[in-house]
Every structure is written in C-alpha cells, then in structure tokens.
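# A structural walkthrough
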Amino acid sequence: MSIKPKAIPSVPKATKRIAQAAFPKGNLYLQMRDELGELYTDDLFRDLYSSEGQPAFSPWRLALVTVMQFAENLSDRQAADAVRARLDWKYALSLELTDIGFHYSILSEFRTRLVNHANGSLLLDVLLKRLTEKGLLKSRGQQRTDSTAIIGAVRELDQLELVGESMRYALNTLATLVPEWLLQHVQPEWFERYGERIEEYRLPESNAERHLLSQQVGQDGYLLLNTLYRATSLPWLAHIPAVELLRQVWVQQYWLDEEVVKRRTPDNMPPSGQWIRSPYDPEVRYGRKRGWDWMGYKVHLTETCDPDSPHFITQVETVPAIEQDHHALNTIQADLAARDLLPAQQLVDAGYVSAKRILHSRDQHQIELVGPVHNDPSWQAKSELAYDVSAFTIHWEAKQVICPTGQQSSSWNLSQDAKGESVVQVLFAKQTCAGCPMRSRCTTARKTGRSMTLRYPPERHELLQVMRQRQQTADFKAIYRRRVGIEGTFTQVIRNCGLRHARYCGLQKTHLQNVASAAATNILRFVCWFNEVPFAKTRTSRFAALAPS
C-alpha cells in the first residue's frame, strides 16, 4: 500500500447542503468539522506506508474514523457501515453522498501500522495542538490525574488451563508454519489432549488427577521444546514467539529434578508481576485496587480542571495492571513537558504522592503536586498524649536527635528501606530510656530504647512533616476537592467509549484504544463547550439528598 499526500478536500456541496438541512440545530460531527477543520493530514502518516504499490485509503480519513468509532463505541464493521450510510460521517470525512466507503478490515490494518510505527499518540496530540491554537487549552493551569482498571481481552486462566493452552497455542502455531514437520514429531495422544480448547469443565475434579495431568502436560512441553531445539535443519523454529512463550511459561511453572518434571510451588516461582497469565496476550497482568481484582492493564488519565475552562484529557498512560500508580508519575509529567502542557498544580490521590515525588515535581517541572501524603503509622502519632517524630529535635549535620526530655540519640545509621528509599535509622540507648519518666508516652520497647525512621535527605523529612500538617487545613481540602471530578471522566469514557474492557491483545494496542477514546472524549467536550452546555453536577441519590445538611 502507498500514499501520495495531497490536500484534504472540502466537504462536497451536495453533502454539505443536505447535511445542514438534515441537522438544522447542529450535530457532533458537523460542528467538529466546521469548528476544528481538518484535524489530520496524510503527511502525518507518511511513514506508515510505502512510496510504491497500490494506493491506500486516505490515512487522514482512517484516523478520523478511528476516533469517531470510539466516540460511539462501534466495532470496525459498524464504523465502516457508518461511513457508507450516515450523512454526518460523510460530512466529517468530506465524502460524496454516493461514496461506498471501504472494507472494515482496513481499520485493523491501519491500527497495526500505527502500533508498529509508534504513531498512535498522534490521534490525541494533533487534537490537543488544535485546541491550544484555539485558546481552549493552556499550560500551567490545574490538572488532575488518576488511574482505573482495563480488563484484558483474554479469559482468565487457572494454572492448569494456562499450561494446557500454552501448549495448544504452540502446537497450533507450528501446525500453521510447518505442518509436515510437526506430523513427523507429534505424539499421537496430543491430538486428543490438545485438539480442543483447555477449559475448566473438561479438566479432572480431584486434586490427584489434576496433579497427574499437570505433570503430563509438563512432560509434553519439555519434549516439544527439546525436539524444536534439536531441529538443526530448521533452527528458526526455536525462536518463533509461540515457542519462546512456551519456554517462558515452563520456566515459571515447572522444574526438572533429575529428569523428573515437577510443578513449582508459589515460594519458588518468580514474582507475581512477572507471571504470564495467557498465551494469547502475554502482557496482561494481575491487578488489585481498592479490593477489586482483575487481569489486564491500568490506564492513567490526566485532564485539565480549571473552573473557567473546558476540561480536556491531556495525557494517557497505559501500564501493566500490577504497576503501582506512583511509578507512572515521572513518565506522565515528562510527556506533558514534551508537549508544553505542564500544569502549575497537579491533583492526585495518595497512590502518587510521597515527599520524594513532591520534590521531583517541584524541582524538575515546577509543578505543585497536591495530594495526601501517608500518615505516620506509629502508635505515638495516633495518641494525643504520646510523642511522635514531630516532638523530637533533629540536628542533621551533627547526626543527633534530641528527645522532648533533652536526651540525645545514641545511634544514627543511613540505609535503605524495602522500596530502595534512603532513610536514617535512629536509636536511643536502652539505659537512657529505661529510667525516663515519660517512657510510657514514648516507647513500649523492652530490649532497646526509642527508635525511629527518618526520610533522607533532610528536605524530604521536613516536607513530609509540613504536608501532614497542611492536609488537615481547610485551604488544602478546598483545593483537593477538585480532584474528585476525574471519577466523572472515567465514567464518561467507560460508558461512551468502552474504556473498561480492552478490545485488543497487547499493551500497545490497548494503549492505542485508550488514546483514541481520550481523543473522542475531547471532541465531545469541545462541542459541549461550544454549545455552552454546563458541566454535569455530581449525582446524588434521592435518599442521600434527604440527609440534613
């Protein structure tokens, strides 16, 4: 397929006349085209196509169709039908009324090209640039960030189903690539064992039988892998993705004890974040948030939230479900900086906030990161009469801590905690604390004196203390109250675009889905702002509304 970039045609006169008569009060796509003009051009997608070969359908149209189909949560077939049949779609795409459109499979090919060339972000970036040119999107305002779950496009498998399906996936791939070779090396009983999908209802119920079947599958897998590695006439077989995936699954699930196949127990398996959960999408991971478990991915959305401006999604970050929220913050801010869309104030929940990240946001990007820091977990901090860390005087240069009664610490050790963060472990001598009249308000330790952990370097510790005090104030609560609006954004994108469920397999394809959903949501919000539609208010149930204020 090839393209020859050319100017985007204007809306045909017949299409424009009939569309304006059919929608006298306006329409989402008519207003999008009239107010935003031609969003995408063929030049943007030049790298996706060869300079030779059969002419391709206009990439700019495919890009716009991709966004429009997510605006209505349409399948590829439904989107292709809309191009052929709907007047508003023809208007947006500058098509004649008699245009027959294209085959729906072209949309899948276009997405694959976007993913392979890492150009999917263009769907959102170009729109954000246009909104900036119109003065509707500005940097250094207020933005908010949060994450939600994306359920993978594959079914959840238990361990026995996983190894069985991984074996079946490898055999099906080999049957497609080298059927004659496979027939010469396959075991006859494999046709019955792996000929159909491995499902729980077809598996043995007793633990003993399931254990025997698991061992048998493990032996089959090792036999197939050894056969592939010895295939010197076809050395490339050992390197195809399905075979490499089978090897990785077997490394995670089995081990050989003097040529005897044994199943790994949880204590000698890799960390759960590395577990392959499905051979059909090896990038899905197990996630848990607020008591909800799922298998798939996680998406972070960042949007503007200034009260006097439209709220647009400015950044989309898709990550494995196992990844903690705070790991995405640096990438989010760096991406916003690259597009000159950094906020002055970024509202986030506790999962993103720490003293280290507040300082990094301030020093690297001049962002005030606003969110609740974790409270002091010690029992002293939970008692009004006890002495928590804030009651002690810290002399950083002298490496000394003075307690409320004037006693000095005996030990100061710089180390790292379980997360690799620098901390100072401070200890008071047992003899110092043993006879102290305030001991009951300070420590319950019997074999040692008072101990405490300080964040390091000093500015991290001091900032943490300041933030713990600040987040109790009315001013902080008034600012932070604006963060809750991001929940409404997730609701909107989930309902309109189907954000909750991944349509495709793989992290990059799922990210493209999320980017297209964000672009579609921004177009809808632009039209609502243009038509002076007020922001929706937080819903309150009838019963909750009866509560006395």
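Since this is a predicted model, take the numbers as computed values, not measurements.

## Describing the pairing of strand β5 (residues 292-304)
- Where burial is concerned, most of β5 is hidden: 11 out of the 13 residues are buried.
- Where strand β1 (residues 142-151) meets β5, 9 bridges bridge the pair, whose relative direction is antiparallel. The residue of β5 that forms the bridge with I150 is Y297.
- Looking at chain direction, strand β4 (residues 285-289) and β5 are connected through 5 bridges and run antiparallel. Counterpart to R285 in the pairing with β5 is G296.
- Connecting β4 to the next strand, β5, in antiparallel fashion are 2 residues, including R290 with a positive phi near 50°.
- Here β5 runs beside strand β6 (residues 313-320); their pairing, made up of 7 bridges, is antiparallel. Its bridge partner being in β6, L301 is matched across the sheet by V316.

## Notes on empty space enclosed by the protein
- Within this structure, the stated rule accounts for 4 cavities of 30 Å³ or more.
- Lining the largest cavity are 15 residues, and of these C403, T405, C433, C436 and C442 lie nearest its centre.
- Its residues assigned to classes, the lining of the largest cavity shows 9 nonpolar, 4 polar and 2 charged.

## Topic: the packing of helix α8 (residues 159-177) against helix α12 (residues 241-253)
- Close contact between α8 and α12 brings their axes to 9 Å; oriented N to C, the two are set at 160°. Here α12 runs roughly antiparallel to α8, going by the angle between their axes. In the packing of α8 onto α12, the handedness of the crossing is left-handed. Between α8 and α12, the contacting residues are Q159, L162, V163, S166, M167, Y169, A170, T173 and L174 on the first element and A242, V243, L245, L246, V249, W250 and Q253 on the second.
- Of the residues in the contact of α8 with α12, the class split is 12 nonpolar, 4 polar and no charged.

## Re the sheet that holds strand β12 (residues 422-427)
- In spatial order, the strands read β11-β12-β13; together these 3 strands make up an open sheet with antiparallel pairing. Only two strands of the sheet have a single partner each, and these edge strands are β11 (411-416) and β13 (451-455). Averaged over all pairs of adjacent strands, the angle between strand axes in this sheet comes to 25°, irrespective of strand direction.
- The sheet contact formed by β12 and β13 spans 5 bridges and is antiparallel. Its bridge partner lying in β13, V426 is registered against M452.

## With respect to the layout of surface pockets
- The volume enclosed by the largest pocket comes to roughly 940 Å³.
- If you trace the largest pocket, you find 25 residues lining it, with G488, R525, F535, A536 and K537 closest to the centre.
- Going through the elements one at a time, α18 (485-497) and α19 (507-530) are the ones with two or more residues in the lining of the largest pocket.
- With 7 residues, the single largest contributor to the lining of the largest pocket is α18.
- Considering only residue class, the lining of the largest pocket consists of 10 nonpolar, 7 polar and 8 charged.

## Topic: the pattern of salt bridges
- Here the structure, examined in full by the defined rule, presents 31 salt bridges.
- We note a salt bridge from R84 to D81, for which the minimum N-O separation is 2.4 Å. With a gap of 3 residues between them, R84 and D81 both fall in helix α4 (residues 76-85), about one helical turn apart.
- We classify D81 as partly exposed; its relative accessible area is 34%.
- Between R130 and E133 there is a salt bridge, with the nearest N and O atoms lying 3.5 Å from each other. Of the two residues, R130 and E133 are both situated in helix α7 (residues 122-133); the distance of 3 residues between them amounts to about one turn of the helix.
- Given a relative accessible area of 54%, E133 falls into the exposed group.
- Overlapping salt bridges bring together D146, K289, K298, D325, R483 and E487 as one network.

## Overview of the packing of helix α14 (residues 355-365) against helix α16 (residues 458-470)
- Direction vectors running N to C along α14 and α16 enclose 100°, while the axes themselves pass 9 Å from each other. Classed by the angle they form, the pair α14 and α16 counts as roughly perpendicular. Residues A355, K356, I358 and L359 of α14 pack against E459, R460, L463, L464 and M467 of α16.
- Partitioned by chemical class, the residues of the contact of α14 with α16 number 6 nonpolar, no polar and 3 charged.

## So, the nonpolar core
- Of all hydrophobic cores here, the largest spans 72 residues; its most connected members are Y40, L64, W89 and L123.
- At 10 residues, the largest contribution of residues to this core is made by α19.
- Within the second largest apolar cluster, 32 residues are counted, among which are L157, L171, W181 and Y222.

## Considering the confidence of the model for the chain
- On average, residues of the chain score 93 in pLDDT, and 98% of them are at 70 or above.
- When mean pLDDT is taken per element in the chain, β6 scores highest with 98 and helix α20 (residues 542-545) scores lowest with 85.

## Quick notes on the environment of S10
- Positionally, S10 belongs in the segment before α1 (13-22).
- A relative accessible area of 56% places S10 in the exposed class.
- For the pair S10 and A92, spaced 82 residues apart in sequence, the C-alpha to C-alpha distance is 9.7 Å.
- Sequence-distant contacts of S10, defined by excluding residues within four places in its chain, comprise R33 and S94.

## Some remarks on the side chain of E317
- Inspection of the secondary structure assignment puts E317 in strand β6.
- Here E317 occupies a buried position and makes no salt bridge, while the nearest side chain of opposite charge, R339, is found at 7.9 Å.
- One polar contact links E317 to Q315, side chain to side chain, over a distance of 3.2 Å.
- For E317, the residues in contact, after removing those within four places along its chain, are K298, V299, H300, A328, T331, I332 and H511.

About the criteria used
Just so you know, the residues in each chain are numbered from 1, in the order the chain's sequence is written. Side-chain atom pairs in this predicted model are given and counted only at pLDDT of 80 or more, local residue features only at pLDDT of at least 70, and totals for whole chains, interfaces and linings cover all residues. Side-chain metrics in this entry use all non-hydrogen atoms of the structure; hydrogen atoms and water are not considered. Exposure is judged per residue with a 1.4 Å probe applied to protein chains only, and the accessible area is read against the type maximum: over 50% gives exposed, under 20% gives buried, and values in between give partly exposed. Working definition: helices are DSSP H or I runs of at least four residues, strands are E runs of at least two. Numbering for both runs from the N terminus. Two strands pair under a simple rule: DSSP has to find at least two bridges between them. Residues are said to line a cavity or pocket when one of their atoms sits within 4 Å of a point; the points come from a 1 Å grid over protein atoms alone, cavities being sets where a 1.4 Å probe fits but cannot get out and pockets being open sets with protein on both sides within 12 Å along at least five of seven lines. Grid points are joined across faces, edges and corners, and a volume is the space filled by probe spheres set on the points. Each residue is assigned to one class: nonpolar for Ala, Val, Leu, Ile, Met, Phe, Trp, Tyr, Cys and Pro, charged for Asp, Glu, Lys and Arg, and polar for all the others, Gly among them. Note on geometry: axes are C-alpha line fits, over the in-contact stretch for helices, and angles between N-to-C directions span 0 to 180 degrees. When describing relative orientation, an angle under 35 degrees is termed roughly parallel and one over 145 degrees roughly antiparallel, while 65 to 115 degrees is termed roughly perpendicular and anything else oblique. Here a crossing is taken to be left-handed if its near helix is turned anticlockwise relative to the far helix by less than a right angle, and right-handed if that turn runs clockwise. Any two residues having at least one pair of non-hydrogen atoms within 4.5 Å are treated as being in contact. For this analysis, a salt bridge means a side-chain nitrogen from Lys or Arg found within 4 Å of a carboxyl oxygen belonging to Asp or Glu. We call a set of buried Ala, Val, Leu, Ile, Met, Phe, Trp, Tyr and Cys residues a nonpolar core when their side-chain atoms join them within 4.5 Å. What pLDDT expresses is the predictor's confidence in each residue, scored from 0 to 100. In this tally, Asp and Glu contribute negative charge and Lys and Arg positive charge; neither His nor the terminal groups of the chain are included. Polar contacts here mean pairs of N or O atoms no more than 3.5 Å apart (in protein, one a potential hydrogen donor and the other a potential acceptor; neighbouring residues in sequence count only if both atoms are side-chain atoms).

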